[in-house]
2 protein chains.
Amino acid sequence: MKKKAVVNNTPVCQVRMQAISDTMSVLSGKWKFHILGTLIEGNKLGFMDLLREVNGIGTKMLSKELQDLEMNHLINRNVMNTKPITVEYSLTEYGKTLAPLIDELAKWGVQYRQSIYGLERD
Amino acid sequence: MKKKAVVNNTPVCQVRMQAISDTMSVLSGKWKFHILGTLIEGNKLGFMDLLREVNGIGTKMLSKELQDLEMNHLINRNVMNTKPITVEYSLTEYGKTLAPLIDELAKWGVQYRQSIYGLERD
DNA sequence: CAAGGTAGTATCCTATAGGAAACTACTTCC
DNA sequence: GGAAGTAGTTTCCTATAGGATACTACCTTG
């Protein structure tokens, strides 16, 4: 009897693995989830707003990550016609489809922290 | 009027950002989602099974990531009492709580790919 | 005209994530 | 006894992610 694949090498399973890679490559790096998470809460935010809200990020990374997200049509960059020029970053409609994923991420993190500090059942 | 935080610096918002960081640190790296995703499908898998199923991973990375996951109580490592010694990796009950998150990740990836290759609405 | 706000760029540097390949150690099959 | 399977470990190497810092450029306010 020849050794068969243990799980599925059916299309559906290949697709699943591919899909995980895709999502990870779009949301790669240390900051994208934070930025998106902040924009979900904040609706429309300027560059300096995000710099303040996203704890620990610097201008270089913020600038670069915002460009990445914009290129993938997850956020809008709107240069406003104000006296000191301001820029409004916001989620696109498409970017909003990430909300369930990010909520799930946050939900699990909350419950993870509880499982460690709440009850030391080790 | 003093400049106030634009979003919320309320506890709930701090907690959310913290939670995202927590989840990301537990699931950091290139492979953890793939490994967990495979174990969700495969139930119980050996080292070589995982090496075959997780496309592109090498022994060093697989070994290291499995150790990480085990340390965080997300997977079990069971050395079986077989003739050529085998090891069974499986999700812990706690690890299974990641299923919704990973499903969400995969779901979004599938729909992302469709949005690119399906309809070129650029 | 200096200070402070807006929104970034540019440069330099380093820690580390992760790949490739070789190697251990044990067993069973042919 | 050599090949092939189990499950890893070790070493060496490099690309790059990301931090710190300084800088541009424009506008407003005192």
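These lines cover the structure that appears in this document, whether it is placed above or below. (Residues numbered from 1 in each chain as written. Chains lettered and ligands numbered in written order. Predicted model: local features only at pLDDT ≥ 70, side-chain atom pairs only at ≥ 80, totals over all residues. Heavy atoms only, no water.)

A few words on the environment of B:V26. Within the fold, B:V26 resides in helix 1 (residues 11–26). A relative accessible area of 4% means that B:V26 is categorised as buried. Considered as a pair, B:V26 and B:D68 are 42 residues apart in the sequence and their alpha carbons are 8.3 Å apart. In this structure B:V26 touches A:W108, A:Y112, B:K32, B:N72 and B:L74, once residues within four positions along its chain are discounted. (Helix = DSSP H or I, 4+ residues; strand = E, 2+ residues; numbered from the N terminus. Buried < 20%, exposed > 50% of the residue type's maximum accessible area, 1.4 Å probe, protein only. Contact = heavy atoms within 4.5 Å.)

Around DNA strand C sit 19 residues, and of these A:S63, A:R77, A:Y89, B:K30 and B:K60 come closest. Counting only the atoms of DNA strand C that lie within 4 Å of the protein, the sugar and phosphate share comes to 70%. Elements that contribute at least two residues to the surface near DNA strand C include exactly helix 3 (47–53), helix 4 (59–71) and strand 3 (86–91) of chain A together with helix 4 (59–71) of chain B. Here the surface near DNA strand C gets 4 residues from one element, more than from any other, and that element is helix 4 of chain A. Of the residues in the surface near DNA strand C, the class split is 7 nonpolar, 6 polar and 6 charged. (Near = heavy atom within 4 Å. Nonpolar A, V, L, I, M, F, W, Y, C, P; charged D, E, K, R; others polar.)

Core analysis: the biggest nonpolar cluster contains 63 residues, and A:I35 and B:I35 have the highest contact counts within it. The contact partners of B:I35, leaving out residues within four places of it in the chain, are B:V54, B:I57, B:L62, B:E65, B:L66 and B:L69. (Core = buried A, V, L, I, M, F, W, Y, C linked by side-chain atoms within 4.5 Å.)

To continue, consider the environment of A:V54. Residues and elements named next belong to chain A. Summarising the element assignment, V54 is placed in the loop between helix 3 and helix 4. Residue V54 is classed as buried on the basis of its relative accessible area, which comes to 1%. For the pair V54 and G37, spaced 17 residues apart in sequence, the C-alpha separation works out to 9.3 Å. When neighbours within four sequence positions are excluded, V54 is seen to be in contact with W31, H34, I35 and T38.

Around DNA strand D, the structure places 21 residues, and the nearest of them are A:K30, A:K60, B:S63, B:R77 and B:Y89. The share of sugar and phosphate among atoms of DNA strand D within 4 Å of the protein is 65%. One of the side-chain nitrogen or oxygen atoms of A:W31 is found 3.4 Å away from a phosphate oxygen of DNA strand D. Interatomic distance of 2.4 Å between a side-chain N/O atom of B:S63 and a phosphate oxygen of DNA strand D. Secondary-structure elements contributing two or more residues to the surface near DNA strand D are helix 4 of chain A together with helix 3 (47–53), helix 4 and strand 2 (86–91) of chain B. Of all the elements, helix 4 of chain B adds the most residues to the surface near DNA strand D, at 4 residues. Here the residues of the surface near DNA strand D are counted per class, giving 7 nonpolar, 7 polar and 7 charged. (Polar contact = N/O pair within 3.5 Å; in protein donor to acceptor, adjacent residues only side chain to side chain.)

All names here are of chain B. Counting buried positions along helix 2 (residues 32–42) gives 9 out of 11 residues, so the element sits mostly inside the fold. By the burial criterion, the buried members of helix 2 are K32, F33, H34, I35, L36, G37, T38, L39 and G42. N43 sits one or two positions beyond helix 2 and adopts a positive phi of about 65°.

So, on to the interface of chain B and chain A. Contact residues are listed per partner, giving 50 residues for chain B and 50 residues for chain A. Buried surface at the junction of chain B and chain A, both sides included, amounts to about 4600 Å², of which 64% is carbon and sulfur. Where chain B packs against chain A, one counts 6 salt bridges. In this structure, A:D22 and B:R113 form a salt bridge, with 2.6 Å as the shortest nitrogen-oxygen distance. One can count 18 residue pairs in polar contact (both at pLDDT 80 or more) joining chain B with chain A. At the level of elements, helix 1, helix 2, helix 3 and helix 5 (99–118) of chain B are the ones that each hand at least two residues to the side of chain B that touches chain A. Looking at which element gives the most residues to the side of chain B that touches chain A, the answer is helix 5 of chain B, with 14 residues. Counted by class, the side of chain B that touches chain A contains 24 nonpolar, 15 polar and 11 charged residues. (Buried area = accessible area lost by both parts, 1.4 Å probe. Salt bridge = Lys/Arg side-chain N within 4 Å of Asp/Glu carboxyl O.)

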